[in-house]
Amino acid sequence: QVQLVESGGGLVQAGGSLRLSCAASGTIFSINVMGWYRQAPGKQRELVATITSGGSTNYAESVKGRSTISIDNAKKTVSLQMNNLKPEDTAVYYCWAVAGFRAYWGQGTQVSVSS
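Residues numbered from 1 in each chain as written. Predicted model: local features only at pLDDT ≥ 70, side-chain atom pairs only at ≥ 80, totals over all residues. Heavy atoms only, no water.

Peer 1: Hey, could you run me through the overall build of the protein chain in this one?
Peer 2: Counting its regular elements, the protein chain contains zero helices and eleven strands. For 115 residues, the compact-globule formula gives about 13 Å, and the C-alpha radius of gyration of the protein chain, at 13 Å, lands near that figure. A principal-axis box enclosing the C-alpha atoms of the protein chain has dimensions of 45 × 25 × 20 Å. Buried positions account for 42% of the 115 residues belonging to the protein chain. Sequence-distant contacts in the protein chain: of pairs separated by 6 or more residues, those separated by 24 or more amount to 55%. For the protein chain, the exposed surface amounts to about 6000 Å²; the carbon and sulfur share of it is 48%. Positive and negative side-chain charges of the protein chain, numbering 10 and 6 respectively, have mean locations separated by a distance of 4 Å. (Helix = DSSP H or I, 4+ residues; strand = E, 2+ residues; numbered from the N terminus. Rg over C-alpha atoms; globule rule 2.2 N^0.38 Å. Buried < 20%, exposed > 50% of the residue type's maximum accessible area, 1.4 Å probe, protein only. Contact = heavy atoms within 4.5 Å. Areas by Shrake-Rupley, 256 points an atom, 1.4 Å probe, with all protein chains shown as cover. Lys, Arg positive; Asp, Glu negative; His and termini not counted. Charge placed at Lys NZ, Arg CZ, Asp CG, Glu CD.)

Written out as structure tokens, the structure is:
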């Protein structure tokens, strides 16, 4: 019904920046919340940032001040601008969305930060 496809991951040096994007496709009547989670090697998946369709945002303390999440309601896309990247940001980043009172996950995109 709904597919989330991420893009923008890759390898970057510490202190660099990346912008992740996620596009939703399929049968979608409304988007309530979109966001990003990440899972580092040997760790549990954790929330990075979320944004509501109204523009309200929340960030994990580990990325607060370094990351900006944005949403395009018309295009049903969410982006995460990450600046001053650190090696501890290395993880698979997953797009997440709530649409029609159901939650959906993307396949994940790898972000690797070298020191």
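Peer 1: Explanation requested: the pattern of salt bridges in the structure shown.
Peer 2: Side chains carrying opposite charge are able to pair once their charged atoms draw close together. Scanning the model with the defined rule gives three salt bridges in all. Between D89 and R38 there is a salt bridge whose closest N-O contact spans 2.9 Å. Of this pair, D89 sits in the loop between β8 (77-82) and β9 (91-99) while R38 sits in strand β4 (residues 31-39), placing them 51 residues apart in sequence. Accessibility classification places D89 together with R38 in one group, the buried group. (Salt bridge = Lys/Arg side-chain N within 4 Å of Asp/Glu carboxyl O.)

Peer 1: Sorry, what's going on with the packing of aromatic side chains here?
Peer 2: For any pair of aromatic rings, the description rests on two quantities: the centre-to-centre distance and the angle between the ring planes. Going through the model one piece at a time under the given rule, you end up with two aromatic pairs. Taking the centre distance of 5.7 Å and the plane angle of 75° together, the rings of Y37 and W96 count as edge-to-face. With Y37 in strand β4 and W96 in strand β9, the pair connects residues that are 59 residues apart, well separated along the chain. Judged by its relative accessible area of 14%, W96 is buried. A connected cluster of aromatic rings, assembled from ring pairs, spans Y37, W96 and W105. For the cation-ring pair, R45 lies above Y94, with the distance from its terminal atom to the ring centre recorded as 3.8 Å. Positioned over the ring face of W105 is R45, at 4.7 Å from the centre of the ring. (Phe/Tyr/Trp six-rings, centres within 6.5 Å; stacked < 30°, edge-to-face > 60°. Lys NZ or Arg CZ within 6 Å of the ring centre and 35° of its normal.)

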